[in-house]
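# Fold and contact review
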Amino acid sequence: MTAKKDAGFATKAVHAGQRPDPTTGAIMTPVYLTSTYVQEGPGVHKGFDYARTVHPTRLALEANIAALEGGAHGLCFASGMAATSTVIEMLDAGDHVVSCNDLYGGTYRVFTKVFARHGMSFSFVDATDMKAIEKAMTSKTKILWIETPSNPMLRITDIKKASALAHKKKVKVVVDNTFASPALQQPLALGADIVVHSTTKYLGGHSDVVGGAVVTNDREIFDKLKFLQNAVGAVPGPLDCFLVLRGTKTLPLRLVKHCENAMAVARHLSKHKEIARVHYPGLADHPGHAIAKAQMCGFGGMISFELKGDLERAKRMIAMTRVFSLAESLGGVESLIGHPPTMTHGSIPRQERLKSGLVDGLIRLSVGIEDAQDLIDDLDQAIARSAV
Ligand SMILES: *Cc1c(COP(=O)(O)O)cnc(C)c1O
């Protein structure tokens, strides 16, 4: 029925936040298509007054994702960017944020093009380097914003160390856990104050919905975010909540296969003579391998690699795959391929890109749950045909 607090992860994934519908016994959480709720008298109701403020399908999802992250409080949003923006809405003009320099493009954009206009400031550093994080902090710093593994370089930040460092300076730590998902990494247990998700990716898992979530154990932060969720209003619709709730049920199962396949593909690519470098935290020579091994229980489904040759060859190669689809996004059951320098990270000037390791031949894979051999064969044929 519903999951106990000490239930295992897979049990929580299936049951947390959900109970059979009290009126019919329907086993699945209904998609409550309603904007308001009838009151017995003014202000006398069942805890539900208006659907932006509180919604039963959303509540079930919020409790489910909170349980998966080992957090006391969850809040869901219309997109990952809505979740991110609502977290930053907690800040005031003059406040400062330290973040990693290979941040998700949309997060970089909202920080520098939207919130910077409102008087907040942002520094971007190599967040694998604790000294660089410390150096960037000022008396105005309120948040350390981390993505690990990062996008698209798959760099690993030590969440425990970074949190200890930030907390000494009374700075709150936010981890965007989209790339790992709670099946592989639970940042709150490692010291983070807030976890942010794009549920569009692994939590939804089927590339059929856009959504976001925030989880925290800190009651004060939750109260602020709950207020902002209602005040700003970037809430998800009931059907979207249902779709993510359906996705989280199979999250642990899917992630096992994503990890297995990604490891097989990464190993294969690392021996390929047309490939200069493979970035995958599961490979023993990855600079963050030891930290990833300690703070994650799997290395994830994301890989990036450097194809030998120029930009044009990389663009040819990604258009020649037959199982991998050329598309933005990640975390769905199907494998996707993309070229960060011209797609997700195209808005960053080339010189800036090169500084953070985003070379012209960099290709990113979201490895799905198909048969590993089919994925390997597909990449091999595209690599071979892209050479002229
Ligand atoms: C996709 C993504 C986001 C943004 O989420 P949307 O649901 O697209 O708004 C934020 N962070 C990471 C790491 C992502 O991959």
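Residues numbered from 1 in each chain as written. Predicted model: local features only at pLDDT ≥ 70, side-chain atom pairs only at ≥ 80, totals over all residues. Heavy atoms only, no water.

Within the protein, the regular secondary structure consists of 13 helices and twelve strands. For 388 residues, the compact-globule estimate of 2.2 N^0.38 gives 21 Å, and the C-alpha radius of gyration of the protein, at 21 Å, lies within 12% of that figure. Considering only C-alpha atoms, the protein reaches an extent of 75 × 50 × 35 Å along its principal axes. Among the 388 residues that make up the protein, the fraction classed as buried is 54%. For the protein, the distance from the average site of its 44 positive side-chain charges to the average site of its 38 negative ones is 3 Å. (Helix = DSSP H or I, 4+ residues; strand = E, 2+ residues; numbered from the N terminus. Rg over C-alpha atoms; globule rule 2.2 N^0.38 Å. Buried < 20%, exposed > 50% of the residue type's maximum accessible area, 1.4 Å probe, protein only. Lys, Arg positive; Asp, Glu negative; His and termini not counted. Charge placed at Lys NZ, Arg CZ, Asp CG, Glu CD.)

On to the layout of surface pockets. The volume enclosed by the largest pocket comes to roughly 630 Å³. Of all the elements in the fold, those that place two or more residues in the lining of the largest pocket are helix 3 (80-88), helix 4 (105-114) and strand 6 (194-198). Looking at the lining of the largest pocket element by element, the count peaks at seven residues for helix 4. Class assignment of the residues belonging to the lining of the largest pocket gives a composition of nine nonpolar, 16 polar and seven charged. Lining the lining of the largest pocket are residues from two domains, each supplying at least three of them: domain 1 (9-248) and domain 2 (251-386). (1 Å grid on protein atoms, 1.4 Å probe; cavity = no way out; pocket = protein on both sides within 12 Å on 5 of 7 lines; lining within 4 Å. Points joined across faces, edges and corners; volume = space filled by probe spheres on them. Nonpolar A, V, L, I, M, F, W, Y, C, P; charged D, E, K, R; others polar. Domains from an automatic or database assignment.)

The next subject is unusual backbone geometry. Each neighbour pair has its own omega, and for Thr-148 with Pro-149 the value is -5°, a cis peptide bond. Looking at where Pro-149 falls in the secondary structure, it is placed in the loop between strand 4 (141-147) and helix 6 (159-168). In this chain, Asn-151 is followed by Pro-152 through a cis amide linkage whose omega measures 5°. Inspection of the secondary structure assignment puts Pro-152 in the loop between strand 4 and helix 6. In this structure, Lys-170 takes a positive phi of about 60° despite not being glycine. You can see Lys-170 is positioned in the loop between helix 6 and strand 5 (172-176). You will see that Ser-329, though not glycine, has its phi angle at about 80°, which is positive. Position of Ser-329 relative to the elements: it lies in the loop between strand 10 (325-326) and strand 11 (336-338). On the accessibility criterion, Ser-329 (28% relative accessible area) is partly exposed.

Moving on, we get to the site of the ligand. Contacts to the ligand come from 14 residues, most closely from Gly-80, Asp-176, Ser-198, Thr-200 and Lys-201. Contact distances for the ligand include 2.9 Å between an oxygen atom and a backbone N or O atom of Met-81. Contacts to the ligand include Asp-176, whose side-chain N or O atom sits 2.7 Å from a nitrogen atom. Within the complex, 92% of the 380 Å² of free accessible area of the ligand lies under protein. Placement of the ligand is best described as lying within the largest pocket. Tallied by class, residues from the shell around the ligand come to five nonpolar, six polar and three charged. (Near = heavy atom within 4 Å. Polar contact = N/O pair within 3.5 Å; in protein donor to acceptor, adjacent residues only side chain to side chain. Areas by Shrake-Rupley, 256 points an atom, 1.4 Å probe, with all protein chains shown as cover. Sits in = over half its atoms within 2 Å of the grid points.)

With that settled, consider the packing of helix 8 (residues 238-249) against helix 9 (residues 251-270). For the pair helix 8 and helix 9, interaxial distance at closest approach is 5 Å and the crossing angle is 60°. Taken together, helix 8 and helix 9 sit at an angle that is classed as oblique. Listed contacts from helix 9 to Gly-247, Thr-248 and Lys-249 of helix 8 are Leu-251, Pro-252 and Arg-254. Each residue belonging to the contact of helix 8 with helix 9 can be placed in one class, and the counts come to two nonpolar, two polar and two charged. (Axes fitted to C-alpha atoms, helices over the stretch in contact; angles between N-to-C directions. Parallel < 35°, antiparallel > 145°, perpendicular 65-115°, else oblique. Contact = heavy atoms within 4.5 Å.)

Turning next to the pattern of salt bridges. Counted according to the given criterion, the structure contains twelve salt bridges. When the shortest N-O distance is used, the salt bridge between Glu-312 and Lys-315 registers 3.8 Å. With Glu-312 and Lys-315 both in helix 11 (residues 311-318), this residue pair falls three residues apart, about one helical turn. Residue classification places Lys-315 among the partly exposed residues on the basis of a relative accessible area of 37%. Beyond isolated ion pairs, a larger network of salt bridges with shared partners links Arg-350, Arg-353 and Asp-360. (Salt bridge = Lys/Arg side-chain N within 4 Å of Asp/Glu carboxyl O.)

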